Amino acid sequence: MTLPRVLLFGAIAGAFLSMQAAAPQKQKSLSSFDPQVKALLAKMTLEEKVGQMTQPDQASLKDVADIENLALGSVLSGGGSDPKAGNSLEAWTNLYDGYQKRALRSRLAIPLLYGVDALHGHNNVIGAVVFPHNIGLGCTRNPALVEKIARITAIEVRATGIQWTFAPCVTVPQDIRWGRTYEGFSEDPKLVKTLGEAATRGLQTADLSDPLSVLACAKHYVGDGGTTFGTGMGGKSPLDQGDMRVDEATMRRLHLQGYVTTLAAGVATVMPSYSSWNGVKVSGSKQLMTDILKTEMGFEGFLISDYNAIDQLDKDYKKAIGISINAGMDMVMVTDKYREYIKGLKELVQEGVVPMSRIDDAVTRILRVKFAMGLMDKSRSQLADRSLWKSFGSAEHRAVARQAVRESLVLLKNGKKTLPLKKSAPRIHVAGKNADDIGNQNGGWTIDWQGISGNAMTTGGTTILAALKGAAQGQVTYSKDGTGAAGASIGVVVIGEKPYAEMQGDRKSLALDAADVAAINNVKKAGIPVVVVLVSGRPMILGDVLDQADAIVAAWLPGTEGAGVSDVLFGDYKPTGKLGFSWPKSDAQLPLGTGNKADVQYKIGYGLKY
Ligand code: GLC
């Protein structure tokens, strides 16, 4: 072999080896931990097994000693379930460490999994970076960015010691009047499956035992976003927790895709939905939870119920427990009734209603995850790594969030090339209720379950107004109602929605509110160009604003880094966003669903450039 060829051979071999070395390790299958699981299971009493299947909210604990005395498998902080010591990085970390130390005092010292809804950053904790909600990330069409955001979220979650987030939400909303539309990436399952997989990889990495890996949870299985208008909350709300009325082929084609890809990415927990499919509650459906997800799709992790979701299965709570566990639920998220749940499930086993084999299967699944995560490794501390505090809310993390905001914005209209704004404009007049409000930028699931208007995120966030002021060379004035715009070079009116979550966001109409329309009119009356920025959890009916505005930008729920909006408005970043949802002309067109045939205002994929 002549010298040049041996060099060529060496180069090819080197490239191959480096590719091999670079290829991410494949997550070991969860069932590969079964030998250790079986050994531990054999030592466990029925009480300890049922304890592992129980997840109370920490705010509902009647006695914190229940953690060790009942050998609880998990504890969560639902929305608003904050440390009594207050909402700070330190208080959250002390909360986690305190509960974990108790779990380690239980007879078998099986550590707790602590769960939170870190959906767009570690959004419960003041000072965390809050990223755009999924509806905005869908418009980036950027899986690598979504993965990076999830990775940063995981690091900020781990800074508090917490190791489990109830994310990614891989819902495929078909009716945007639903209060959880913004938790979805898109109405299109192709986009949801890609971004859901990316988020899972970012959260868990390829190795659940990595101390910076955070256990992910694909939710809400399955068809949470496909419910029929008017069936929500048993008819008490338009859509949330309603009934999805489609055939199995449609269920699989539209709503199952996110589970195909997140399972392939190694997601180790799945949360069944409150909603129903053709009248059957998912949380009590053996076909969905066992036959399809576990048997057909081979899911080896565990199912965690939604918050008190099993209560809806039967008015007799004990019966409800039996229905859900026998259908395949493995761990139950239960608040005040956790002691009753434990008592009821033990009785059901003793009465033969729930076979011990089902209990052993559930506990096996839970322990697989705990072994895979290194929780059972006695050589490792299970307490928080406080060295991670130094990157919590860091400028580096905020820079990624700002980039996400830039890429999430969609330019809907730009008449007479009104945008980009000129930094040299003598005066820009800003108006609208969402111009100077971090809470409204963040939306729901931030600091509190329903979110909080105002500037509760007191550290680090930037409102859109503050960002515009920081970037402009001329004067920037502000009035919420749009008065005082006369004489300005241009008006920017930031309107949209106030925060909400779940059923509290269900709407019959998506019309703009009167105050927003009035603010636009007031700026229009000044006879200057008008730029409308919509900060909302979904497309809204623009109506007359379509003609009144010279330019319109959809900013979704951008989170703390409002500077990303200013970057696009001034052209420091040229808009690249594409709609993840069809945009209706009127309420009458709803629901649009996927691949709508209607003559919509803007089709999915629409987005202008400068
Ligand atoms: C809520 C939501 C779910 C969340 C859980 C815990 O009701 O439906 O998405 O993860 O409870 O907060």
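Residues numbered from 1 in each chain as written. Predicted model: local features only at pLDDT ≥ 70, side-chain atom pairs only at ≥ 80, totals over all residues. Heavy atoms only, no water.

Some thoughts on the domain arrangement of the protein chain
Phase 1: Examined at the domain level, the protein chain breaks down into domain 1 (34–377) and domain 2 (395–589).
Phase 2: Of note, the centres of domain 1 and domain 2, computed from C-alpha atoms alone, are 33 Å apart.
Phase 3: Tallying the contact residues gives 54 residues for domain 1 and 46 residues for domain 2.
Phase 4: Of the roughly 3,900 Å² buried at the junction of domain 1 and domain 2 (both faces included), carbon and sulfur atoms supply 61%.
Phase 5: In this assembly, domain 1 and domain 2 are joined by one salt bridge.
Phase 6: For Glu 502, the salt bridge is made with Arg 180, and the minimal N-O distance between the two is 3.6 Å.
Phase 7: Mapped onto the side of domain 1 that touches domain 2, the elements with two or more residues apiece are helix 6 (134–138) and helix 7 (143–158).
Phase 8: Broken down by element, the side of domain 1 that touches domain 2 gets its largest block of residues, six residues, from helix 7.
Phase 9: Across the side of domain 1 that touches domain 2, the residue classes break down as 25 nonpolar, 18 polar and eleven charged. (Domains from an automatic or database assignment. Contact = heavy atoms within 4.5 Å. Buried area = accessible area lost by both parts, 1.4 Å probe. Salt bridge = Lys/Arg side-chain N within 4 Å of Asp/Glu carboxyl O. Helix = DSSP H or I, 4+ residues; strand = E, 2+ residues; numbered from the N terminus. Nonpolar A, V, L, I, M, F, W, Y, C, P; charged D, E, K, R; others polar.)

Section: the site of the ligand
Phase 1: Taken together, 14 residues form the shell around the ligand, and within it Asp 117, Arg 180, Lys 219, His 220 and Asp 306 come nearest.
Phase 2: Here an oxygen atom of the ligand sits 2.6 Å away from a polar atom, N or O, in the side chain of Asp 306.
Phase 3: Within the side chain of Glu 502, an N or O atom sits 3.2 Å from an oxygen atom of the ligand.
Phase 4: Burial of the ligand by the protein chains amounts to 96% of its free accessible area of 310 Å².
Phase 5: The residue makeup of the shell around the ligand, split by class, is seven nonpolar, two polar and five charged. (Near = heavy atom within 4 Å. Polar contact = N/O pair within 3.5 Å; in protein donor to acceptor, adjacent residues only side chain to side chain. Areas by Shrake-Rupley, 256 points an atom, 1.4 Å probe, with all protein chains shown as cover.)

Some words on the side chain of Gln 441
Phase 1: With respect to the element layout, Gln 441 can be found in helix 16 (residues 438–442).
Phase 2: If sequence neighbours within four positions are ignored, Gln 441 has contacts with Thr 462, Thr 463, Ile 464, Val 535, Leu 557, Pro 558, Gly 559, Thr 560 and Gly 562.

A few points about the pairing of strand 13 (residues 427–431)
Phase 1: Burial of strand 13 is extensive: five of the five residues sit out of reach of the surface.
Phase 2: Burial along strand 13 is two-sided: Arg 427, His 429 and Ala 431 and Ile 428 and Val 430, pointing in opposite directions, are all buried.
Phase 3: Note that strand 13 and strand 14 (residues 475–479) share five bridges and pair parallel. Residue pairing in the sheet places Ala 431 in a bridge with Ser 479 of strand 14.
Phase 4: Relative to strand 15 (residues 490–496), strand 13 is paired through four bridges, and the arrangement is parallel. (Buried < 20%, exposed > 50% of the residue type's maximum accessible area, 1.4 Å probe, protein only. Pairing = 2+ DSSP bridges.)

A look at the sheet that holds strand 15
Phase 1: Judged by pairing direction, the sheet is mixed, and its six strands sit side by side in the order 12-17-16-15-13-14 without closing on themselves. The sheet is open, and its two edges are formed by strand 12 (410–414) and strand 14, each paired on a single side. Neighbouring strand axes in the sheet, compared pairwise and without regard to direction, differ in orientation by 20° on average.
Phase 2: Relative to strand 16 (residues 530–535), strand 15 runs parallel, the two sharing six bridges. Each residue of the ladder has a partner; that of Gly 496, found in strand 16, is Val 535.
Phase 3: Seen against the sheet, helix 17 (residues 464–471) touches strand 13, strand 14, strand 15 and strand 16 and runs at an angle of roughly 160° to strand 14.
Phase 4: Most of the contacts of helix 18 (residues 514–525) go to strand 15, to which it runs at about 175°, and overall it touches strand 13, strand 15 and strand 16. (Axes fitted to C-alpha atoms, helices over the stretch in contact; angles between N-to-C directions.)

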